[in-house]
Amino acid sequence: MRQLIDAMSLEEKIGQKIMLDFRYWDANGINNRDMVAPDDTIEKIIGDNHIGGVILFGNNLQNKTQIRALKSWYARLKVSGNIRLFIGTDNDGENVFRLPRGEYVSFPGNMALAAACEGGADSDLAREQAQQLASDMLALAFNVDFAPVVDVNTNPFNPVINVRSFSDDFATVITLAEKTLAGMHQQHMISVYKHFPGHGATATDSHTALPRVDRNRQDAFAIDIAPYQQAIASHTPPEMIMTAHIQYPALDDTRVRNRHGVDITVPATMSRQIQTDILRHQLGFTGVTLSDALYMGAITDHFSQGEALLLVFTAGVDIALMPGKHCGARPGATLAADDYVDSAEGQTRSHPRSGYRCLSCAHSGAKAALSPAGQRL
């Protein structure tokens, strides 16, 4: 693995740290046309820019026959050093469920599951549910499920987490998240705990604006960070952790200047204190970290594509998810990456572990990236 990394150019290493979406795509420039079939231009974009992964949405996944054809094509694509792609989607099981509901098993959701358990049902239902979801995804050549949500939903009016959370009780979240993780691992699916350091207390949807959490530091660790701390300390932590686009001054009150010239509290996604000092050094996480989608209003309202990419990587986050709109034959993200290569080469070279984490998980290092037969999907 070290030899593979050493042989890669800086551009190849940066490409491996980018995960794109092709939710809509059309060679004729019709922006709202769903991308549902293999496309030579997309294949060239991924190959030429050494892209590390793709995320798919319901727009891309219409029926079993179509999904199999599209996913088989994605699964065959390889980039630098014969590395296959991360191919992921959000499949929480309830309102965030990307597969066609009429053809694949969906469930009532995390909070309904927790309510059933509190009413006397066996908590092992969480493991069985995750096992079924992962089994369906693996059959379609997905290797990453952006789940489970481990936010502790202490704000009952939370507009974006809400029933996606298991509970407002951190102990319940910990128990059911661990069961979910076990089910995914039984099917060899890469799991993603999200959204670090905790989105459950917010009153704003980060898709549209930048939320703020005003807990004190002690409560932050006792409530929001508790599920991560427990999982990382276990023998089977998640392979990945996704960041939250939130301000959390008790964890980092550093000020950063936004695109409008206004100094704001740094978003957690861009906070080195949160993503490196706390998550890596204090909690001891050694897996892959990735940002929440960088097209969201919490980020785009304040930062350009290039600024966002630079701040995310400088914070120590391994993968930038959906970091920009597509621009002709090249995604805007790769244009922004050019600026990053020029401005942050020293930073990249001083953090070789990030590239090693990504490639180890993508290539052969994570057992969850292997099919039951032992073959990379």
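In every chain, residue numbers begin from 1 and rise along the written sequence. The predicted origin of the model limits local features to residues at a pLDDT of at least 70 and limits the giving and counting of side-chain atom pairs to 80 or more, whereas totals for whole chains, interfaces and linings rest on all residues. With hydrogens and water set aside, each side-chain value is computed from the structure's full complement of heavy atoms.

We now examine the pairing of strand E5 (residues 86-89). Within a regular strand, the side chains alternate between the two sheet faces. Three labels apply to residues, based on accessible area from a 1.4 Å probe with only protein chains included: buried if under 20% of the type maximum, exposed if over 50%, partly exposed otherwise in between. A run of H or I in DSSP counts as a helix once it spans at least four residues, and a run of E counts as a strand once it spans at least two, with each numbered from the N terminus. What you see with E5 is no split at all: Phe 86 and Gly 88 on one side and Ile 87 and Thr 89 on the other are buried throughout. Any two strands are treated as partners once DSSP identifies two or more bridges connecting them. Two elements, strand E2 (residues 53-55) and E5, share 3 bridges in a ladder whose sense is parallel. Paired with Val 54 across the strands is Ile 87, a residue of E5. Summarising the sheet, E5 and strand E6 (residues 144-145) pair through 2 bridges and their orientation is parallel. Looking at the pairing, Thr 89 lines up with Asp 145 of E6.

Quick look at the sheet that holds strand E11 (residues 288-290) now. The strand order E11-E8-E7-E6-E5-E2-E1-E12 describes an open sheet built from 8 strands, whose pairing is parallel. Strands with a single pairing partner mark the edges of an open sheet, and in this sheet they are E11 and strand E12 (320-321). The strands that helix H7 (residues 170-186) touches are E6 and strand E7 (190-196); relative to E7, the one it contacts most, it runs at about 150 degrees. A contact between two residues is defined here by any heavy atoms of the two lying within 4.5 Å. Note on definitions: angles span 0 to 180 degrees between N-to-C directions of axes, and those axes are lines fitted to C-alpha atoms, for helices only across the stretch in contact.

Attention shifts here to the packing of aromatic side chains. Aromatic pairs are defined between Phe, Tyr and Trp rings, using the six-membered ring for Trp, whenever the two ring centres lie within 6.5 Å; interplanar angles under 30 degrees are classed as stacked, those over 60 as edge-to-face, and all others as tilted. Tallying each qualifying case throughout the model produces 4 aromatic pairs. Consider the rings of Phe 22 and Trp 25, whose centres lie 5.7 Å apart with planes at 80 degrees: the pair is edge-to-face. For the residue pair Phe 22 and Trp 25, the accessibility class agrees, reading buried in each case. Ring plane angle 70 degrees and centroid distance 6.1 Å describe the contact between Tyr 193 and Tyr 228, whose orientation is recorded as edge-to-face. Of the two residues, Tyr 193 sits in strand E7 while Tyr 228 sits in helix H9 (residues 226-233), which places them 35 residues apart along the sequence. Judged on exposure class, the residue Tyr 193 and its partner Tyr 228 are both buried. In this structure an aromatic cluster arises from ring pairing among Tyr 193, Phe 196 and Tyr 228. In this analysis the charged atom, NZ for Lys or CZ for Arg, is taken to sit over a ring once it is within 6 Å of the ring centre and within 35 degrees of the ring normal. One Lys or Arg, Lys 64, reaches over the ring of Tyr 104 and ends 5.3 Å from the middle of that ring. Taking the ring centre of Phe 142 as reference, the NZ or CZ of Lys 71 above it sits at 4.5 Å.

This brings us to the side chain of Lys 17. Following the sequence through the fold, Lys 17 ends up in the loop between helix H2 (10-15) and strand E1 (18-21). We treat Lys and Arg as the positive residues and Asp and Glu as the negative residues; His and chain ends play no part in the count. Counted as salt bridges are all cases of a side-chain nitrogen of Lys or Arg within 4 Å of a carboxyl oxygen of Asp or Glu. No salt bridge forms around the buried Lys 17; measuring N to O, its nearest opposite-charge neighbour Asp 318 is 4.7 Å away. Not counting the four nearest positions on each side in its chain, Lys 17 is found in contact with Phe 313, Val 317, Asp 318, Ile 319, Ala 320, Ser 354 and Cys 358.

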